[in-house]
Amino acid sequence: KGNDGKYTVTLIEGDGIGPEIAQSVKDIYSAANVPIKWESVDVTPRLKDGKTVIPDEAIDSVTKNYVALKGPLATPVGKGHVSLNLTLRRTFNLFANVRPCKSIVGYKTPYDGVDTVLIRENTEGEYSGIEHVVVDGVVQSIKLITREASERVLRFAFQYAEEVGRKKVRAVHKATIMKMSDGLFLSTARNVAKDFPNIEFDAELLDNTCLKMVTDPTPYNDKVLVMPNLYGDILSDMCAGLIGGLGLTPSGNIGDECSIFEAVHGSAPDIAGKQLANPTALLLSSMMMLQHMGLNEYADNIQSAIFKTIAEGKTITGDLGGKSKTYEFADAVIKALKK
Ligand code: NAD
């Protein structure tokens, strides 16, 4: 917090629709008088000693400010540099990815009353990036699971459940097939659970979770789900689909020191630059950030304005079935703020 009473937060606007949705956040925050000063940084990768790295200024900014809000970053498929998102997660050791999905009252989807919380291990598993060609036509990709990283994310899941008042933690896995890797995750979970006697623990097979969730997601409303990286990636997008799509779902990447909050969606190149993007996901990610910083009253005000605007349905973006531009939605949210 600076002398002017404002907190400095790093802002990574990102690619594609990133700058458009970041503008909505900036406009709404200034209208709501949120005591935050944005420090915009460029994360265009550079090559240093043969490795792709994030510019030092960006790293210094996040390290100094502890919190960042991040737009989507485009990753070229199959070639060139490693995913910048992965690089950011590794650089700041953002070991847990928290993804809540809550139905917006008044916005009709095939499922009502969804309120899931999913925590994804963010640093290893299938996304360790260890791949090699054995011989032409045969590649091997290694799923790395360590007790240390599993324990860290599992412990966080139990603490998170305690903090938000959920009574149960459920580990999602495929230890029936991946006996050693998921087996280690599961046995670590059972051990960590012993330290949290007030929280119930159980486990479920991933395929079973998918089936049950699309049949009726509401039994998951009292639980925190925790799982290895790839499963969390896929299952959380599925949860996003239950509540109306990627335009609505926030996430937070939590580390020991720093945390980076970001929308679940990507850079949406198909609609970029046309003011068609829905800024809600980035906005709700920034609400998670405000809550993380203890600025709950500002979060509550903005969140109510967002939900009211969506429920009214007059000024919503194309992904939700409306016709409004990104900035028109942001203006409607500003009008709905309690002054
Ligand atoms: P995407 O999420 O960008 O888009 C999927 C679909 O959802 C598109 O039709 C898009 O128009 C729509 N969509 C996404 N966000 C929206 C929003 N806010 N409002 C309205 N519609 C929205 O996924 P993709 O096309 O597979 O990926 C595009 C790029 O983004 C890739 O380079 C990918 O690597 C990257 N990506 C980045 C992140 C991240 O930075 N965290 C996450 C996922 C994908």
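Taking an unreviewed UniProt entry as the reference, the chain is identified by name as Isocitrate dehydrogenase, NAD-dependent belonging to Lindgomyces ingoldianus.

Regarding the packing of helix H6 (residues 206–215) against helix H7 (residues 229–243)
Put simply, H6 and H7 touch, their axes get as near as 11 Å, and they point 5° apart. Classed by the angle they form, the pair H6 and H7 counts as roughly parallel. Here Leu 206, Thr 209, Cys 210, Met 213 and Val 214 of H6 come into contact with H7, specifically with Tyr 231, Leu 235, Met 238, Cys 239 and Leu 242. Looking at side-chain class alone, the contact of H6 with H7 contains 9 nonpolar, 1 polar and no charged residues.

Here's the deal with the site of the ligand
In the vicinity of the ligand, 20 residues are found, and the nearest of them are Leu 73, Thr 75, Gly 266, Ala 268 and Asp 270. In the complex, the protein chains occlude 68% of the 810 Å² of accessible area that the ligand would expose alone. The residue inventory of the shell around the ligand, partitioned by class, reads 10 nonpolar, 6 polar and 4 charged.

With respect to H7
Compared with an ideal rise of 1.5 Å per residue, which puts 15 residues at 21 Å, H7 spans 22 Å between its outermost C-alpha atoms and is within 8% of the ideal. Asn 229, Tyr 231, Gly 232, Leu 235, Ser 236, Cys 239, Ala 240, Leu 242 and Ile 243 are the residues of H7 that are buried. Relative to the axis of H7, the buried residues are bounded by an arc of 165° and lie together on one face. For H7, the exposed residues set more than 90 degrees away from the buried face come down to Ile 234 and Gly 241.

Digging into the pairing of strand E14 (residues 259–263)
Of all 5 residues in E14, 5 are buried; the element is thus mostly enclosed. Neither face of E14 is open: one carries Ser 259, Phe 261 and Ala 263, the other Ile 260 and Glu 262, and all of them are buried. As judged from the 4 bridges shared by strand E5 (residues 67–70) and E14, these two strands associate in the parallel manner. When the bridges of E14 are listed, Lys 70 appears paired with Glu 262. Between strand E13 (residues 250–254) and E14, which follow one another and run antiparallel, lie 4 residues.

A short note on the sheet that holds E13
On the basis of which strands lie adjacent, the open sheet formed by 10 strands has the order E2-E1-E5-E14-E13-E6-E7-E12-E10-E11 and mixed pairing. Here the strands that pair on one side only, and so sit at the sheet edges, are strand E2 (36–40) and strand E11 (200–205). Here the average twist between neighbouring strands, direction ignored, is 25°. For strand E10 (residues 168–173) and strand E12 (residues 223–227), the ladder comprises 4 bridges, and the chain directions are parallel. Opposite Val 169, over in E12, you have Val 224 as the bridge partner. Docked against the sheet, helix H4 (residues 147–164) engages strand E6 (96–102), strand E7 (115–121), E10, E11, E12 and E13, running at close to 155° with respect to E7.

What counts and how
Residues numbered from 1 in each chain as written. Predicted model: local features only at pLDDT ≥ 70, side-chain atom pairs only at ≥ 80, totals over all residues. Heavy atoms only, no water. Axes fitted to C-alpha atoms, helices over the stretch in contact; angles between N-to-C directions. Helix = DSSP H or I, 4+ residues; strand = E, 2+ residues; numbered from the N terminus. Parallel < 35°, antiparallel > 145°, perpendicular 65-115°, else oblique. Contact = heavy atoms within 4.5 Å. Nonpolar A, V, L, I, M, F, W, Y, C, P; charged D, E, K, R; others polar. Near = heavy atom within 4 Å. Areas by Shrake-Rupley, 256 points an atom, 1.4 Å probe, with all protein chains shown as cover. Expected span 1.5 Å × (residues − 1). Buried < 20%, exposed > 50% of the residue type's maximum accessible area, 1.4 Å probe, protein only. Arc of directions from axis to C-beta. Pairing = 2+ DSSP bridges.

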